[in-house]
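One-letter residues, chain by chain:
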Amino acid sequence: MDRLPALDRRLLDEFQRDLPLVPRPFAEMAAVLAVSEAEVLARLTALQAAGTIARVGATVRPNTAGASTLAALAVPEARVDEVAALVGAEPGVNHSYLREDAWNLWFVATAPDAGGLAASLQRIGAKTGLRVLDLPLLRAFNIDLGFRLGGARAALGLDAGADETALREGDRPLLQALSKGLPLVARPFAQVAQDLGWPEAAVIARVRALAAARILTRVGVIVRHRAIGWAANAMVVWQVPEDRIASAGAALAAHPGVTLCYQRRTVPGLWPYSLFSMIHGQSRAQALAVLAEAAALPDLADLPHRPLFSTRCFKQTGALLHPEAA
């Protein structure tokens, strides 16, 4: 974080969410930062080119406009690069990491619908010759990864849920465009509108409505944390009795330093861990310190858990939500 110029730090801290939903959002950002619109656009373009940010756009709540799951493979060490390439070639895979575990290659698979998701996982299993551990989301406690990069860590709080009735079938192309990323031009919504054949005002109105309904969990600058020094990325898995999941999940979501928390399906005999939490640290020691504090909380006392640190990132893109995007 310290190696970023001051303007870049402020862009990443102030605008990971709440992108101004107006015709010229970058001009409004520039006014807040007391610089020119051209400078904001130049810095965001440079940050994206350098891989520091993935995009300026939105994250779409899982299993609303499309289908998604977290999956893993147990890959022999000699095949890691080969298998990672096969997994990454699947269009719906939008995140893929190597983690410290026997189930070592973890990825998020997305598709426009449940049938497409199942077919994607089947293709991955067939191409790799490996069993796919499929762990679909059951409950979200916190799924908003936008956290301030400077200063004291703050709790992100419980997920507010979504009003899925706000979603329209015609929203899919717009959601795909937001997941891919807005063009870094003065009037990005106008360009999206032109591509979709919509009026600019209609695009902005739908983004506002979808954000208010929490179909969009965040609209802003999507940061690649490893690129700016937050390389100690630990997925901590917890073995939790069913009657303790609600209280344990709420406690984790409320703890500073825990950046994501959600319940996923277990697989008897293979995967007993039902609660997942993410900790992003600038060092392994920092991440483990956050974990020690969390594990000492009354609602998490004596629960078996394991930190799975990531060692390599193979892919990080937006979700696949619209059939034409494949």
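Figured I'd write up the structure that's included with this text. (Residues numbered from 1 in each chain as written. Predicted model: local features only at pLDDT ≥ 70, side-chain atom pairs only at ≥ 80, totals over all residues. Heavy atoms only, no water.)

### Details of helix H1 (residues 6-14)
When H1 is considered as a whole, its buried residues turn out to be Leu7, Asp8, Leu11, Leu12 and Asp13. As for H1, its buried residues are in contact with helix H2 (25-33), helix H3 (37-49), strand E1 (53-60) and strand E7 (216-223). (Buried < 20%, exposed > 50% of the residue type's maximum accessible area, 1.4 Å probe, protein only. Helix = DSSP H or I, 4+ residues; strand = E, 2+ residues; numbered from the N terminus. Contact = heavy atoms within 4.5 Å.)

### Points about the packing of H1 against H3
At a minimum axis distance of 11 Å, the contact between H1 and H3 shows a crossing angle of 85°. Relative to H3, the element H1 is oriented roughly perpendicular. Residues Leu7, Asp8, Leu11 and Leu12 of H1 touch H3, and the partners they reach there are Glu39, Val40, Arg43, Leu44 and Leu47. Classifying every residue of the contact of H1 with H3 gives six nonpolar, no polar and three charged. (Axes fitted to C-alpha atoms, helices over the stretch in contact; angles between N-to-C directions. Parallel < 35°, antiparallel > 145°, perpendicular 65-115°, else oblique. Nonpolar A, V, L, I, M, F, W, Y, C, P; charged D, E, K, R; others polar.)

### Let's talk about the packing of helix H7 (residues 188-196) against helix H8 (residues 200-212)
Where H7 contacts H8, the two axes come as close as 8 Å, and the packing angle between them is 105°. As far as their axial angle goes, H8 and H7 are roughly perpendicular. Contacts from Phe189, Ala190, Val192 and Ala193 of H7 reach H8 at Glu200, Val203, Ile204 and Val207.

### With respect to the pairing of strand E3 (residues 93-99)
Of all seven residues that make up E3, six are buried, and the element is covered over most of its length. Pairing of E3 with strand E4 (residues 105-111), which is carried by five bridges, proceeds in the antiparallel orientation. Paired with valine 93 across the two strands is alanine 109, which belongs to E4. Connecting the antiparallel pair E3 and E4 is a turn made up of five residues. Note that E3 and strand E11 (residues 305-316) share five bridges and pair antiparallel. Along E11, the bridge assignment pairs histidine 95 with glutamine 316. (Pairing = 2+ DSSP bridges.)

### Quick look at unusual backbone geometry
In terms of backbone geometry, most residues other than glycine have negative phi values and most peptide bonds are trans. Of note, aspartate 18 is a non-glycine position whose phi angle comes to about 60°, a positive value. Within the fold, aspartate 18 resides in the loop between H1 and H2. Phi is positive for alanine 34, close to 60°, though the residue is something other than glycine. Structurally, alanine 34 can be placed in the loop between H2 and H3. Owing to a relative accessible area of 68%, alanine 34 belongs among the exposed residues under this scheme.

### Focus: the environment of phenylalanine 107
Within the secondary structure, phenylalanine 107 is located in strand E4. As for phenylalanine 107 and leucine 145, which are separated by 38 residues in sequence, their C-alpha atoms are 17 Å apart. Each residue touching phenylalanine 107, except ones within four places of it in the same chain, is listed here: Thr69, Leu70, Ala71, Ala72, Leu73, Val87, Val93, His95, Ser96, Leu121, Ile124 and Val132.

### So, the nonpolar core
Residues Leu12, Leu44, Val207 and Leu216 are the most contacted members of the largest nonpolar core, which totals 45 residues. Only H1, H2, H3, E1, helix H6 (172-180), H7, H8 and E7 provide two or more residues apiece to this core. What leucine 12 contacts, discounting residues up to four positions off in sequence, is Leu4, Leu47, Thr52, Ile53, Leu149, Val221, Val223 and Ile228. If you look at the next biggest cluster of nonpolar residues, it comprises 23 residues, including Ala232, Leu252, Cys261 and Ile279. (Core = buried A, V, L, I, M, F, W, Y, C linked by side-chain atoms within 4.5 Å.)

### Structural notes on the pattern of salt bridges
This structure, assessed with the given rule, holds 14 salt bridges. In this structure, arginine 24 and glutamate 37 form a salt bridge, with 2.6 Å as the shortest nitrogen-oxygen distance. With a gap of 13 residues between them, arginine 24 in the loop between H1 and H2 and glutamate 37 in helix H3 connect regions that are remote in the sequence. Residue classification places arginine 24 among the partly exposed residues on the basis of a relative accessible area of 36%. Look at glutamate 37 and you get buried, because its relative accessible area is 18%. One network of salt bridges, in which partners are shared, links Arg61, Asp159 and Arg214. (Salt bridge = Lys/Arg side-chain N within 4 Å of Asp/Glu carboxyl O.)

Function cannot be read off these values alone, since they describe shape.
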